[in-house]
Amino acid sequence: MQKRKLLALDGGGIRGVLSLGILAQIEKIAGKPLGEYFDYIGGTSTGAIIATGLALGFSVSKLQQFYDDCGPLMFEPRFLLQRYKSLYASDPLKDKLMEAFGAQRTLGSSDLKPKLLIMTRNWTTDSPWPVSNNPKAKYNDPSRPDCNLNIPLWQLVRASTAAPIYFPPEVLNWDTKDPSKSFAFVDGGATPYNNPAFQMYRMATLPHYHLEWETGEDNMLIISVGTGSAPTAGPTYQSPDHSILSQIPGLISALMFAAEVDQDINCRAVGRCVFGNEIDRELGDMTSTNPEPKKAFRYARYNAELTPKGLKDLGLDPLTPKLDELLKMDLATPENIARLRQIGAAVGALVQPQHFGAFLSE
């Protein structure tokens, strides 16, 4: 029976640099490109960029160079009179995605080594759209005029990264002969699946998706990689309504954080968690070495807590970075990229071969 290995990558804008530091260590332990090691790679927003690159055979170092070169271009401000639509222009990112992934390559390309999942949100229908290249999926039937596999790969990634407020939506035409099959898409982080780990498990195992991979902690490994996160402090009990307006700009981040934690808890509850930060003081880290009861998969979650305590626990000086800058998804300055890379390397140092168990020999 084939052992299946899944890699799930969170969204988080320029903080994808942090997850690349973790992935560099995973690549080192795997001893091969991650697109050859994993059977299924999925990502949301910036995670979709990284997932697609890995699925095409890119090394982690090549993706690190992409973020160094393109990070500032991803967040190029729009002309002042256009900012009522979005803060940043999409064309620079569009051009770089076309250059990196190919203007003509589609989701059905044979160049994609593992299965690939790109998480986005159909704004027109108000629904999450997890789009994969699983050839058995209902909407990947080549006889369909609206077959997912015909969509340009770069455009699906662009749709997954179209963060509301930051970027304009991306319009995808599923069937050029049927206007009703054209939709506006925004960032997959605006769904409950900014952390797509548990959604990937469902898509790999539920009969509705027609893969039906075997479950069991000896049969399936799920590695989940974050982009760094932290809860945002709200109003105090002394003045419960004092900070309501000030919280509005951070509402999207707060919802993304809550959804990320929920997906993580789902994975730790259903799977055998072998590594992960503490969820809270009641749940702890939910890791377990008890062989019974058997779990649905083996699971590890790697992420950084971007708080003074979290950085101190990683052996980093919590006073050096400005935490409010670290948490920004659009601060692509060389200084912030360097800080994110340092944090990612520190989390990467926590990744150990034993976390992979018998899946390391695959």
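Scroll up to find the structure.
The model shown is predicted, which means the values in this text are computed figures rather than measured ones.

J.: Describe the overall build of the protein, listing the residues and the values that go with them.
T.: Per the secondary structure count, the protein includes 12 helices and nine strands. Buried residues in the protein amount to 52% of all 362 residues. Nonlocal contacts in the protein, meaning residues at least 24 apart in sequence, comprise 71% of its contacts between residues at least 6 apart. Total accessible area computed for the protein in this model is approximately 16,400 Å², and 54% of it derives from carbon and sulfur atoms.

J.: So what about the environment of Asn336? Which residues, and what values?
T.: In this fold, Asn336 is placed in helix α12 (residues 334-348). Residue classification places Asn336 among the buried residues on the basis of a relative accessible area of 0%. The spacing of Asn336 and Ile14 is 322 residues in sequence and 9.1 Å in space, taken between C-alpha atoms. Discounting residues that sit within four places of it in the chain, Asn336 has contacts with Ile14, Glu325, Leu326 and Leu331. At 2.9 Å, the side chain of Asn336 forms a polar contact with the backbone oxygen of Leu331.

J.: Describe the pattern of salt bridges, listing the residues and the values that go with them.
T.: Across all of its chains, the model carries 14 salt bridges by this definition. With a shortest N-O distance of 3.0 Å, Asp111 and Arg105 are connected by a salt bridge. A relative accessible area of 36% means that Asp111 is categorised as partly exposed. Judged by its relative accessible area of 24%, Arg105 falls in the partly exposed class. Between Lys181 and Asp146 there is a salt bridge, with its nearest N and O atoms 3.1 Å apart. On the criterion of sequence distance, the pair formed by Lys181 in the loop between β5 (170-173) and β6 (182-187) and Asp146 in the loop between β4 (127-132) and α6 (153-160) is long-range, its members being 35 residues apart. Residue classification places Asp146 among the buried positions, given a relative accessible area of 6%.

J.: Tell me what's going on with the packing of aromatic side chains, and back it up with residues and numbers.
T.: We describe a pair of aromatic rings using the distance from one ring centre to the other and the angle between the two ring planes. One pass over the structure, following the stated rule, counts 14 aromatic pairs. Between Tyr40 and Trp213 the ring centres are 5.8 Å apart and the planes differ by 75°, which places this aromatic pair in the edge-to-face class. One end of the pair, Tyr40, is in strand β2 (residues 40-44); the other, Trp213, is in the loop between α7 (197-205) and β7 (220-225), and 173 residues separate them in sequence. Taking the relative accessible area as the measure of exposure, Tyr40 reaches 1% and is therefore buried. Judged by centre distance (5.8 Å) and plane angle (70°), the rings of Phe66 and Tyr67 are edge-to-face. Here the two residues Phe66 and Tyr67 agree in accessibility, since each one is buried. Lys3 extends its terminal NZ or CZ atom over the ring of Phe359, reaching a point 5.4 Å from the ring centre. Its guanidinium or amino end placed over the ring of Tyr37, Lys5 lies 5.0 Å from that ring's centre, counting from NZ or CZ.

Criteria and cut-off values
- Residues numbered from 1 in each chain as written.
- Predicted model: local features only at pLDDT ≥ 70, side-chain atom pairs only at ≥ 80, totals over all residues.
- Heavy atoms only, no water.
- Helix = DSSP H or I, 4+ residues; strand = E, 2+ residues; numbered from the N terminus.
- Buried < 20%, exposed > 50% of the residue type's maximum accessible area, 1.4 Å probe, protein only.
- Contact = heavy atoms within 4.5 Å.
- Areas by Shrake-Rupley, 256 points an atom, 1.4 Å probe, with all protein chains shown as cover.
- Polar contact = N/O pair within 3.5 Å; in protein donor to acceptor, adjacent residues only side chain to side chain.
- Salt bridge = Lys/Arg side-chain N within 4 Å of Asp/Glu carboxyl O.
- Phe/Tyr/Trp six-rings, centres within 6.5 Å; stacked < 30°, edge-to-face > 60°.
- Lys NZ or Arg CZ within 6 Å of the ring centre and 35° of its normal.

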